[in-house]
Amino acid sequence: SMASPALLMRVVASAYSIAEKAATIVRNVMSAGDLGVVEKAGPNDLQTKADRLVQMSICASLARKFPKVTIIGEEELPTDDVTEDLIEEGHCEEILKKPCPAQYAGIKEEELVIWVDPLDGTKEYTEGLLDHVTVLIGIAYGGKAIAGVINQPYYNYEAGANALLGRTIWGVLGMGAFGFQLTEAPAGKHIVVTTRSHSSALVNECITALNPDHVIRVGGAGNKIIQLIEGKASAYVFASPGCKKWDTCAPEAILHAVGGKITDIHGNSFQYNKEVKHMNSAGVLATLRNYDYYASRIPNTVKESLVP
């Protein structure tokens, strides 16, 4: 008989279905019309009913199946009032059929850390920029992002009433990434994607120094990584301390699974063990290709301003 699938593949297969459930919750909250917005640290740091319900759904669903895994979510929430209708028990059968990369075959539950951003791009969600929104579930082992799921609840939402809404992208290091068409940005073009709602003098100084042909300003780290892997942008640059581990874990795994690279502004890789601080305080630099071109052009003044 076939050996049962490795733990990592079971976690990814479950995270896939859990992310699809999350997308349904995100869409339902929006269509019900009451977003229940609260400010956390200020007007650009918002939390909605969708952030709260989705995080409860993801964390409780994962914890029920994988009780020894460490799960770290963006929102600080009580854990006890999760209703049964928020629990997703299913998994993606197709993912379970794929063989686990050998280096991850022996992983135990207690060795995994899962970083959850229930709704990346909250501000854009509240403003109706729905294609910016993603649900992020990143899986780390040994401090490294090794697998990730990104759901876009509103993918295709401008394609008309009968279009199928939403998609789920997933990837595992050593296996690749799935659910999208990998595309490189136009050769010789320097297209930088950066923040839309968290801009600053430093963010803009850094972008100017790169002398880009074009700058795209959009919400969400998940959305920005998707711009890279679908060839719409050649570099994601964010010279600011605002980004967190749950923003980068899933996107990093997917980007690295297709040969891209993400670091802080100094070129340090991110650590995802459970003790690590949550802030990526030295910013973000990511590319699908030509990482060194952009890294070499980050000004020293910017580097000196961003302390890891």
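Position labels on residues start from 1 in each chain and follow its written sequence. Reporting of local features is limited, given that this is a predicted model, to residues whose pLDDT is at least 70; pairs of side-chain atoms are given and counted only at 80 or more, and all residues count toward the totals for whole chains, interfaces and linings. Calculated side-chain values reflect all of the structure's heavy atoms, with hydrogen atoms and water omitted.

Caption draft 1: Local environment of the side chain of Gln-47. Where helices and strands are cited, they refer to DSSP runs of H or I of at least four residues and of E of at least two residues respectively, numbered from the N terminus. Among the structural elements, Gln-47 can be located in strand β2 (residues 45-47). Between N or O atoms, a polar contact is any pair within 3.5 Å; within protein, one atom must be a potential hydrogen donor and the other a potential acceptor, and residues adjacent in sequence are included only when both atoms are from side chains. A distance of 2.9 Å separates the side chain of Gln-47 from the side chain of Arg-52, its partner in a polar contact. Contacts are assigned to residue pairs that have any heavy atoms within 4.5 Å of one another. Setting aside chain neighbours within four positions, we find Gln-47 in contact with Gly-36, Val-37, Val-38, Lys-40, Arg-52, Glu-75, Leu-77 and Thr-122.

Caption draft 2: Inspection of the sheet that holds strand β10 (residues 214-217) at higher detail. At least two bridges found by DSSP between two strands are what make those strands a pair. Taking strand neighbours across the sheet as the criterion, the five strands line up as β10-β9-β11-β13-β12 in an open arrangement whose pairing is mixed. Each having just a single partner strand, β10 and β12 (261-263) make up the two edges of the open sheet. Averaged over all adjacent pairs, the angle separating strand axes in this sheet is 20 degrees, with direction ignored. Sheet topology places strand β11 (residues 235-238) next to strand β13 (residues 284-287); three bridges connect them, and they run antiparallel. In the sheet register, Tyr-236 faces β13, and the bridge partner there is Ala-286. Angular values range over 0 to 180 degrees, each being the angle between N-to-C directions of two axes fitted as lines to C-alpha atoms, with helices fitted over their stretch in contact. On top of the sheet, helix α5 (residues 201-209) reaches β9 (191-194), β10 and β11; it is set at about 170 degrees to β9, its chief contact. Packed onto the sheet, helix α6 (residues 221-229) meets β9, β10, β11, β12 and β13 and runs at close to 150 degrees relative to β11.

Caption draft 3: Region of interest: helix α7 (residues 245-257). Helix span, expected: 1.5 Å multiplied by one less than the number of residues in the helix. Spanning 13 residues, α7 covers 18 Å between terminal C-alpha atoms, matching the ideal 18 Å at 1.5 Å per step. What the bend at a residue measures is the angle between two axes, fitted to the seven residues ending there and to the seven starting there. Along α7, the helix axis deviates most sharply at Pro-251, where the bend reaches about 25 degrees. Three labels apply to residues, based on accessible area from a 1.4 Å probe with only protein chains included: buried if under 20% of the type maximum, exposed if over 50%, partly exposed otherwise in between. A large share of α7 lies buried, amounting to twelve of its 13 residues. For α7, the full list of buried residues reads Lys-245, Trp-246, Asp-247, Thr-248, Cys-249, Ala-250, Pro-251, Glu-252, Ala-253, Ile-254, Leu-255 and Ala-257. Phi turns positive, to about 90 degrees, at Gly-259, one or two residues after α7.

Caption draft 4: A look at the state of the cysteines. The rule for a disulfide is simple: a pair of cysteine sulfur atoms within 2.5 Å. Per the counting criterion, the structure on display carries zero disulfides. The closest cysteine sulfur to the non-disulfide-bonded Cys-243 is located on Cys-249, 12 Å from its own sulfur. Among the residues examined, Cys-249 registers a relative accessible area of 0% and is labelled buried.

Caption draft 5: Seen up close, the sheet that holds strand β4 (residues 112-120). One open sheet holds the six strands; their spatial order is β3-β4-β5-β6-β7-β8, and the pairing between them is mixed. Only two strands of the sheet have a single neighbouring strand rather than two, namely β3 (70-73) and β8 (176-178). Across the sheet, the mean angle from the axis of one strand to that of its neighbour is 15 degrees, orientation sign disregarded. In the sheet, strand β7 (residues 167-172) pairs with β8 via three bridges, with the strands oriented antiparallel. Bridge assignment links Val-172 to a residue of β8, and that residue is Gly-176. Packed onto the sheet, helix α1 (residues 7-32) meets β4, β5 (134-141), β6 (144-152) and β7 and runs at close to 30 degrees relative to β6. Sheet strands in contact with α6 are β4, β5, β6 and β7, and its direction is about 85 degrees off that of β5.

Caption draft 6: Broad picture of the UniProt feature "binding site: Mg(2+)" (unreviewed entry) in the chain. As recorded in UniProt, the sites labelled "binding site: Mg(2+)" (unreviewed entry) are Glu-74, Asp-117, Leu-119, Asp-120 and Asp-247. Of the residues just listed, which span 174 residues, no C-alpha pair is farther apart than 9.6 Å, and they cluster in one region. With respect to the element layout, Glu-74 can be found in the loop between β3 and α3 (93-97). Within the structure, the side chain of Glu-74 is placed 3.3 Å from the side chain of Lys-40, a separation counted as a polar contact. Considering the arrangement of structural elements, one finds Leu-119 in strand β4. The class of Leu-119 is buried, set by a relative accessible area of 1%. Those residues within four positions of Leu-119 in sequence are excluded, and the remaining contacts are Val-26, Thr-48, Ala-50, Asp-51, Tyr-125, Val-133 and Thr-134. UniProt positions are given in the numbering used here, feature names are shortened, and annotations may be inferred rather than shown by experiment.

Caption draft 7: Representation of the domain arrangement of the chain within the structure. The start and end points of each domain follow an automatic or database-based domain assignment. Along its sequence, the chain is carved into domain 1 (7-175) and domain 2 (191-305). The centre of domain 1, based on its C-alpha atoms, is set 21 Å off from the matching centre of domain 2. With 38 residues of domain 1 at the contact, the number on the domain 2 side is 29 residues. Buried area: the sum, over both parts, of the accessible surface (1.4 Å probe) that disappears when the two are put together. Across the domain 1/domain 2 interface, buried area totals approximately 2,500 Å², and carbon plus sulfur atoms make up 64% of it. When a carboxyl oxygen of Asp or Glu lies within 4 Å of a side-chain nitrogen of Lys or Arg, that pair is called a salt bridge. Applying the counting rule to domain 1 against domain 2 returns three salt bridges.

Caption draft 8: Seen up close, the nonpolar core. Remark: nonpolar core denotes a set of buried residues (Ala, Val, Leu, Ile, Met, Phe, Trp, Tyr, Cys) joined through side-chain atoms within 4.5 Å. Leu-8, Ile-58, Trp-115, Tyr-125, Ile-137, Tyr-236 and Val-237 are the most contacted members of the largest nonpolar core, which has 104 residues in total. For this core, the element with the most residues is α1, which contributes 14 residues. Residue-level mapping places this core at the junction of two domains, with at least three residues from each of domain 1 (7-175) and domain 2 (191-305). Every residue in contact with Tyr-125, bar those within four places of it in the chain, is listed here: Val-26, Val-29, Met-30, Leu-35, Thr-48, Ala-50, Leu-119, Leu-130, Val-133 and Tyr-154.

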